[in-house]
Amino acid sequence: MVVLDWLLDSDPAIRWQALRDLADAPAEIVAAERARVATEGWGARLLALRGDDGLWERGALFPAGWSYPDLPKGQPWTATAYSLVALQDFGADPHNEKVRTAVAQVREHCRWEHAGQAFFSGEVEPCINGMVVGLGAYFDQDVDGVVARLVGEQLEDGGWNCEAERGSVRSSFHSTIRVLEGLLDHERATGGSPESMAARRTGGEYLLERKLLRRKSTGAIVEPAWLQFSYPTRWHYDVLRGLEYFKVAGDPPDPRLNEAIDLLRSKRQSDGTWLLENTHPGAIHFALEDGDGRPSRWNTLRALRVLRWYEQ
C-alpha cells in the first residue's frame, strides 16, 4: 500500500494507470483521472511544446537541423516521433480534442527525414515502422500498409532487423521488440489479419527461444545492459521491456520467461520500488524521473504490472 500511495502521489499519467492496473479502481474514476493527462502535468506540458506547424522541433525522428556528427552527444528525443510515443505512454486520450488536433497536424505536415514519406506511411526501417504502427493504432490512423510491409520483412529466424536492407539476415532484439509492440497494438485496435497475427506469434517465439536475454547459439547473455531497466526505453531493448510485451499480449506466462522474472524480482528494493538504471543519453523535453540509481515510478509501475500478470 505504501508503494501504491507513492505511485498515486504523482502525475496523472502514472496515477490513472496505477488506479486501473494495481488498485482496481472503478472505471469512472480511472477515466476521470486519465482525462487529466491532456490538460495537466506532463501530457499538457508536452502538447504545449508543439511548434506553429504542429510538430515537435520541426522534425519527424530528429529536430530540424540536427546531424549525425552530433550523435556522440546522444540521439535527441525531442522531435515528433518520440513525443507522440511519450503521449502514448502517458495514456493521453486519443479522443481528446487537443490530442486529435495534434495527431491531425502530424498526419498532414510531418515527413520522414529518410525520403519525405508521410509520417503514418512509415519509412524503410522496421524499428521505425513498428513505432509508426503502434502510434497509428493508438491514435486511430490507417497503418495497414505499414503492417503489411513489416509482415513481408520478417526474417527467417522470426524477428526483424533495421540492418536487413543492408544485408543482415539475423534479427535484432531492438528491432524485434518494437515491431512486436506495434503489431500487438494494431491487433488489439483492429483485430489484425491472419498474416500479422502469425508474424507476431513467430516474433514472440524468437524472444522466448532466447529467454528474453540469451543467445540461442551459446546461451550467453546477449548484452549486459539489457539487465538494467530504462525509462523511457526509446529504441532500446531490455528485459523489462520484453516482459512487458508478453504481459500486454495477455497469454498465460510461458516457462521460458522464468529467468527474466527472477531477474525482475531480484531488482525489487527493500522499500518495494524498482530503480531507474540506464537512462539513454540525448536531449529531452523534460525529466520524468529523478535520475539513475533513484526509485523510479515508471519502472515500479511496469514491474508490478508484470508480476501481477505472472503471479495470477
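Heads up: these notes are all about the structure in this document.

Conventions and cut-offs
Residues numbered from 1 in each chain as written. Predicted model: local features only at pLDDT ≥ 70, side-chain atom pairs only at ≥ 80, totals over all residues. Heavy atoms only, no water. Axes fitted to C-alpha atoms, helices over the stretch in contact; angles between N-to-C directions. Helix = DSSP H or I, 4+ residues; strand = E, 2+ residues; numbered from the N terminus. Parallel < 35°, antiparallel > 145°, perpendicular 65-115°, else oblique. Left-handed = near helix turned anticlockwise from the far one by under 90°. Contact = heavy atoms within 4.5 Å. Nonpolar A, V, L, I, M, F, W, Y, C, P; charged D, E, K, R; others polar. Core = buried A, V, L, I, M, F, W, Y, C linked by side-chain atoms within 4.5 Å. Buried < 20%, exposed > 50% of the residue type's maximum accessible area, 1.4 Å probe, protein only. Arc of directions from axis to C-beta. Expected span 1.5 Å × (residues − 1).

### Points about the packing of helix H4 (residues 41-48) against helix H5 (residues 80-90)
- One can describe the packing of H4 onto H5 by two numbers: an axis separation of 10 Å at closest approach and a directional angle of 155°. It follows from the interaxial angle that H4 and H5 lie roughly antiparallel. When the axes of H4 and H5 are compared, the crossing they make is left-handed. Across from Trp42, Gly43, Leu46 and Leu47 in H4, the residues of H5 making contact are Ser83, Ala86, Leu87 and Phe90.
- Tallied by class, residues from the contact of H4 with H5 come to 6 nonpolar, 2 polar and no charged.

### Observations concerning the nonpolar core
- Judged by nonpolar contacts, the single largest core of 91 residues is most densely connected at Phe90 and Phe119.
- Ignoring anything within four residues of it in the chain, the contact list for Phe90 reads Ala13, Trp16, Gln17, Val37, Trp42, Gly43, Leu46, Leu288 and Trp298.

### A short note on the packing of helix H7 (residues 126-138) against helix H8 (residues 144-152)
- Following both chains from N to C, one finds H7 and H8 inclined at 145°, their axes separated by 9 Å at the closest point. As H7 runs across H8, the sense of the crossing is left-handed. Side by side, H7 and H8 meet where Pro126, Asn129, Gly130, Val132 and Val133 of the first sit next to Val146, Val147, Arg149 and Leu150 of the second.
- Here the contact of H7 with H8 is built from residues that sort into 6 nonpolar, 2 polar and 1 charged.

### Topic: H4
- Where H4 is concerned, the buried positions are Trp42, Gly43, Leu46 and Leu47. One side of H4 holds all its buried residues, which, seen down the axis, span an arc of 130°.
- Residues of H4 that are buried in the fold lie against helix H2 (12-21), H5, helix H6 (97-109) and helix H13 (297-311).

### Describing the environment of Gly291
- On the secondary structure map, Gly291 appears in the loop between strand E1 (274-275) and strand E2 (295-296).
- Expressed as a C-alpha distance, the spacing of Gly291 and Ser168, which sit 123 residues apart in the sequence, is 36 Å.

### Topic: helix H9 (residues 173-190)
- For H9, with 18 residues, the first-to-last C-alpha span of 25 Å sits near the 26 Å given by 1.5 Å per residue.
- Across the 18 residues that make up H9, a large majority, 13, are buried.
- Just downstream of H9, Gly191 is the residue with a positive phi angle, here 95°.

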